[in-house]
Amino acid sequence: MSTMNVKASSGGEAEALGTRSETMRESNSSGDIKKGQVILAAYVIVTIELTFIFMQMGVMPYLAKSIGLDSVGFGYLQTTFGVLQLVGGSIFGRFADKFGARAALILSCASGSAFFLLMSISTSIPVLFLSRLPAVFMHGLPGAQKVITDMTTPSQRANALGKLGLCFGIGIITGSLLGGVLSTKFGIFAPMYVGLVGNLVNTMIAMFWIPLQTKPKSDHHLTEHGTSQSGSVFSIREILRLMKFPGVMEVFIVKVFAGLPIGLFHIMFSIISVDFFGLGAVESGYLMAYFGVLQMVVQGLVIGKLTSHCTEMTLLKLSVFVFAGVGLGMALMRTVWHYCIIAVPLMFAFSTLDTITDSILTKAVPSSDTGTMLGICASVQPLTRTVGPTIGGVLYKHFGVSSFGCLQLIVNTGLFVYLLKSNIPLTEMKKQ
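Values in this document were obtained by computation on a predicted structure and should not be read as measured data. Counting from 1, residues in each chain are numbered in the order their sequence is written. Local features in this predicted model are restricted to residues whose pLDDT is 70 or higher, and side-chain atom pairs enter the listing and the counts only when it is 80 or higher, whereas totals over whole chains, interfaces and linings include all residues. As a rule here, side-chain values come from all non-hydrogen atoms in the structure, and water together with hydrogens is ignored.

A. Region of interest: the pattern of salt bridges. Any Lys or Arg side-chain nitrogen located within 4 Å of an Asp or Glu carboxyl oxygen qualifies as a salt bridge. Applying the stated criterion to the full structure yields five salt bridges. The salt bridge partner of Asp150 is Lys146, with a shortest N-O separation of 3.6 Å. Note that Asp150 and Lys146 are positioned in helix 5 (residues 140–151) at a spacing of four residues, about one turn of the helix. We note that Asp150, like Lys146, is buried. With a shortest N-O distance of 3.0 Å, Glu312 and Lys363 are connected by a salt bridge. With Glu312 in helix 15 (residues 312–332) and Lys363 in helix 16 (residues 336–364), this residue pair connects regions lying 51 residues apart in the sequence. Beyond isolated ion pairs, a larger network of salt bridges with shared partners links Asp97, Lys146 and Asp150. Secondary structure counts use DSSP, requiring at least four H or I residues in a row for a helix and at least two E residues in a row for a strand, with both numbered from the N terminus. For every residue, the accessible area obtained with a 1.4 Å probe (protein chains only) is divided by the maximum for its type, and the residue is called buried under 20%, exposed over 50%, and partly exposed between those limits.

Next up, the structure:
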């Protein structure tokens, strides 16, 4: 009788273990589905935000002109936007680390709503400048990167971050077309009303689809006791502290300087496209759409496959090497068709550098500091937009279009040699 009881007990334990194992598998499966839904929501938020940002960029010159703002004043307006984004990037990242990715995305979307609301009533120059103020917290892209960083493993991260390029490409194409159609058919302020509604929708998506806590439980425990939680959101010391982690300063320097010359070229492109290439507004629109498609293909399809076969440092070196080749091509460029050919390796190098450096840097700092690190990375482009008009204007006026290519070639050749000779110490700090 006792033997029968033992067998029955063993059978019951085995059945219980089997049931528990099946339950755990189902739980993991549902967890993966939920993570996928959250990441998809982050992609949707970024796509909507970028669509309306590019939409207003296309309409803004006409709105500024309609209220009497001249070209010099428009330059000040653009610089104001760049400075605010530059200042706000790191602060936004600190905010995301202290209060979570959902709170950060809600802040970004709400700021976008205020941005378009003020633009919709901009019937005077002071109000138009005032409408730039909410841009200090309009950082949907690093907010989405924060969600992805929290919810992916290191091996998945570069691929997931790369797919944000699809959102960027869709935003460029859709936003450019939408701005032209709406302003032509319904008036100059119609895009602003649509942008306001779109950002309110984005705010609702962030509130209901992004969970309160996006970090894994183990990382959440570290965050609660992490060093980034000490000090204010505005603490410069806490922001600069991240640069002291092994390899962070070196990779960040490469990120800033490798893309700086081409960034200067893009800032001057509206002038270059007319003076050098002889393009009209329609042809420039087609060229922007072409860039959007290239970025979608490269970041959505190519980078993910490369990250599964190559190390991130190899891809970083490859992107810098290709950037040097792009510089040589730009120095020899004479027609817009030459630029269309050069745009293929250019987009590959630019997208790879941006994605890989973001992935490397978020792995090199503690999980409690990934938001701040992404905020610092997001400040690179506003920095270029802030100093770019002055430097780019001098280069174009005194040395011509080829000077951008020569600078690109020299800078990236130097960075490539530096990467080959240096042994950058990268340590993965984030637990998964």
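Further notes follow.
B. Geometry of the packing of aromatic side chains. Only the six-membered ring of Trp is used, alongside the rings of Phe and Tyr, when aromatic pairs are assigned; centres must lie within 6.5 Å, and planes under 30 degrees apart are stacked while those over 60 apart are edge-to-face, with the rest tilted. Tallied over the entire structure, the rule returns 15 aromatic pairs. The rings of Phe265, Phe269, Phe276, Phe277, Tyr290, Phe291, Tyr339 and Phe404 are connected pair by pair, giving a single aromatic cluster.

C. Layout of the environment of Gly392. Along the chain, Gly392 turns up in helix 18 (residues 380–399). Taking relative accessible area as the criterion, Gly392 reaches 0% and is therefore assigned buried. C-alpha separation for the pair Gly392 and Ile267, spaced 125 residues apart in sequence, amounts to 7.3 Å. Residues count as neighbours in contact if any of their non-hydrogen atoms are within 4.5 Å of one another. If we skip the residues at most four places from it in the chain, Gly392 touches Leu264, Met268 and Phe404.

D. Layout of the packing of helix 18 against helix 19 (residues 402–421). In contact at an axis separation of 8 Å, helix 18 and helix 19 are set at 120 degrees when each is read in the N-to-C sense. The angle between helix 18 and helix 19 places the two elements in the oblique class. Here Gly392, Leu395, Tyr396 and Phe399 of helix 18 lie close against helix 19, whose contacting residues are Ser402, Ser403, Phe404 and Leu407. As a working rule, the residues Ala, Val, Leu, Ile, Met, Phe, Trp, Tyr, Cys and Pro are called nonpolar, Asp, Glu, Lys and Arg charged, and the rest polar, with Gly in that last group. Looking at side-chain class alone, the contact of helix 18 with helix 19 contains five nonpolar, three polar and no charged residues. Angles shown run from 0 to 180 degrees and are taken between the N-to-C directions of axes, each axis being a line fitted to C-alpha atoms and, for helices, limited to the stretch in contact. Oblique is the label for any angle not covered by the other classes, which are roughly parallel (under 35 degrees), roughly antiparallel (over 145) and roughly perpendicular (65 to 115).

E. Representation of helix 3 (residues 101–120) within the structure. Helix span is expected to be 1.5 Å times the residue number reduced by one. Given a rise of 1.5 Å per residue, 20 residues ought to cover 28 Å, and the 29 Å separating the end C-alpha atoms of helix 3 matches this to within 8%. All of the buried residues along helix 3 are Ala101, Ala104, Leu105, Ser108, Cys109, Ser111, Gly112, Ser113, Phe115, Phe116, Met119 and Ser120.

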